[in-house]
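Residue strings, one per chain:
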Amino acid sequence: MPVQPDRETLPANQKRQLIDWDRSHVWHPFTQHSLWNAVDPLIIVGGDGEYLFDADGNRYIDGHSSLWCNIHGHRRPEINSAIIKQLDRIAHSTQLGLASPSAIRLAKRLVDLAPPGLTKVFYSDDGSTSVEVAVKMAYGYWHHVGQPQRSRCVALRNAYHGDTIGAVSLGGIDLFHGVYAPLLFKVQFAPSPYCYRCPLGKCRDTCSLACADEVGRLLNEHRGQVAAVVVEPLIQCAAGMITAPPGHLRRVRELCDRYDVLLIADEVATGMGRTGRMFACEHENVVPDLMCVSKGLTGGYLPLAATLATERIYEAFLGPIDSGRTFYHGHTFTGNPLGCVAALANLDIFESDRTLEQLPAKIERLTGHLRHLADNPHVGNVRQCGMIAGIELVKDKATREAYPYGLQVGAQVCAHARQYGVIIRPLADVIVIMPPLIISPESIDHLMNTVERCIEETVPRLGAGTCDGLE
Ligand SMILES: *Cc1c(COP(=O)(O)O)cnc(C)c1O
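Definitions and limits used
- Residues numbered from 1 in each chain as written.
- Predicted model: local features only at pLDDT ≥ 70, side-chain atom pairs only at ≥ 80, totals over all residues.
- Heavy atoms only, no water.
- Buried < 20%, exposed > 50% of the residue type's maximum accessible area, 1.4 Å probe, protein only.
- Helix = DSSP H or I, 4+ residues; strand = E, 2+ residues; numbered from the N terminus.
- Pairing = 2+ DSSP bridges.
- Near = heavy atom within 4 Å.
- Areas by Shrake-Rupley, 256 points an atom, 1.4 Å probe, with all protein chains shown as cover.
- Nonpolar A, V, L, I, M, F, W, Y, C, P; charged D, E, K, R; others polar.
- Contact = heavy atoms within 4.5 Å.
- Axes fitted to C-alpha atoms, helices over the stretch in contact; angles between N-to-C directions.
- Parallel < 35°, antiparallel > 145°, perpendicular 65-115°, else oblique.
- Left-handed = near helix turned anticlockwise from the far one by under 90°.

Caption draft 1: Spatial organisation of the pairing of strand S14 (residues 388-393). Among the six residues in S14, six count as buried, and that is most of the element. Here S14 shows two buried faces, one formed by Ile 388, Gly 390 and Glu 392 and the other by Ala 389, Ile 391 and Leu 393. Strand direction decides the pairing type here: strand S13 (residues 379-385) and S14, joined by six bridges, are antiparallel. When the bridges of S14 are listed, Gln 384 appears paired with Ala 389. The pairing of S14 with strand S17 (residues 430-433) spans four bridges and is classified as antiparallel. Its bridge partner being in S17, Ala 389 is matched across the sheet by Ile 433.

Structure, rendered in structure tokens:
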């Protein structure tokens, strides 16, 4: 790995000290610390474009967009200077009882970009809270229009909507959510649109979207009791980049219309160009009643989220002050100006870089690599949705048998990739590819060739191996 001579590095003793303090004091997210503490963590000190730099000056492709949020690359001058300019004005003032130019301008921009009919923007801090807001709005809506018995949500198995308790309630990943079951509110779950391992035992060519129709069955069974259906449009990301069959989202929208239920689209991962369109819902001409955006909203710079709502929902919350209709929800940093100007600069770059116009060629390049990988004996299934891809490794290609979880095959492949200058992170045994949209064709090639190489160099020797500690 070439050391970048112009890069800031950390002196060895400082690095040592930080590693010790990390072990002593930092509790990392989604991390088993008995493994984490066994090896030295990689400390990232800088970034540029699609690259990350570690404390020794090594350069890596940021293959997961710093957890699915970076869009136009690191250290973008336009976003940096927007934040710096805002810092010279004010870092934060509240949205409670006061307004600010950046939050107003961003709301207008988001409404102009969003599917038609989503006219109101409610800010929060992260994806989880944007989903909580949507659920409370959906329930509040029905309450205020005289149907308080509509208190249930329908979600999909394998869903991921965040880690706060409300968002976990809507989640369907047992590995993450099982322990907390007693804390959760009750949700009706429809099958995951996981064609490679169809929960209904159907075949994609002949299923006629039976999994989506299960949503209809639940809506019928709980007629008049459901406030909203919550979905990740097109792709269940955290579950392992599970791509829904075309038409799934549209069918769910139609079912929501038939049973007069609100549709919440959680675009936290899929929004901001990641699927090739600004929002995933556009692919199927679906207009949700509530839409959540976060991760890429600020280009991956600062935490900010928005829940977009229709006029119909908003109006149900109007009334005299003693009507009990006020939406009593908000966070201290709601609509933070630094986040809002970063988001505005992010949207400006979509225009100046013509980001969406550049994507088809990159998506096609990624497709080429994925097609090739699909033939690999260790690869059971490849899935792609725009600039998002998942490569599912399997023990037995013919039977689709998975590796035992304890073997951490995905983690091992990803750990190995670091020596070739690539940072990726798996979801169980699905290798996740989700680079910044700015990524160059050459970097796509390096990223994907590295994945192939690491599968070949790692998987065959993993008989009774144990995880080396890198998650
Ligand atoms: C990441 C994610 C969330 C949670 O967002 P946080 O910012 O981590 O709270 C919610 N929904 C989806 C679809 C996500 O991918």
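What follows picks up the thread again.
Caption draft 2: Expanded view of the site of the ligand. Looking at the ligand, the residues that line it are Trp 68, Asp 126, Gly 127, Ser 128, Tyr 160, His 161, Gly 162, Glu 232, Asp 266, Val 268, Ala 269 and Lys 295. Computed on the free molecule, the ligand has an accessible area of 380 Å², of which 84% lies beneath the protein chains in the complex. Class assignment for the residues of the shell around the ligand results in four nonpolar, four polar and four charged.

Caption draft 3: Quick peek at the environment of Met 278. Position of Met 278 relative to the elements: it lies in the loop between strand S10 (262-266) and strand S11 (290-293). We classify Met 278 as buried; its relative accessible area is 7%. Sequence separation of Met 278 and Pro 115 is 163 residues, and the distance between their C-alpha atoms is 9.7 Å. Here Met 278 is in contact with Leu 113, Thr 270, Gly 271, Met 272, Gly 273, Leu 347, Phe 350 and Leu 356, once residues within four sequence places are set aside.

Caption draft 4: Quick look at the packing of helix H4 (residues 77-89) against helix H12 (residues 337-352). Their axes nearest at 8 Å, the elements H4 and H12 cross at an angle of 150°. Here H12 runs roughly antiparallel to H4, going by the angle between their axes. For H4 against H12, the interelement crossing comes out right-handed. Here H4 contributes Glu 78, Ile 79, Ala 82, Ile 83, Gln 86 and Leu 87 to the contact with H12, which in turn contributes Pro 337, Leu 338, Val 341, Ala 342, Ala 345, Asn 346 and Ile 349. Residues belonging to the contact of H4 with H12 are distributed by class as follows: 10 nonpolar, two polar and one charged.

Caption draft 5: Spatial organisation of unusual backbone geometry. In the Ramachandran plot, Ser 208 falls in the positive-phi region, its phi being about 45° despite a non-glycine side chain. Inspection of the secondary structure assignment puts Ser 208 in the loop between strand S6 (187-190) and helix H9 (210-221). Even without being a glycine, Met 241 presents a positive backbone phi close to 50°. The topology assignment puts Met 241 in the loop between strand S8 (235-236) and strand S9 (242-243). Relative accessible area serves as the criterion here: at 0%, Met 241 is assigned to the buried category.

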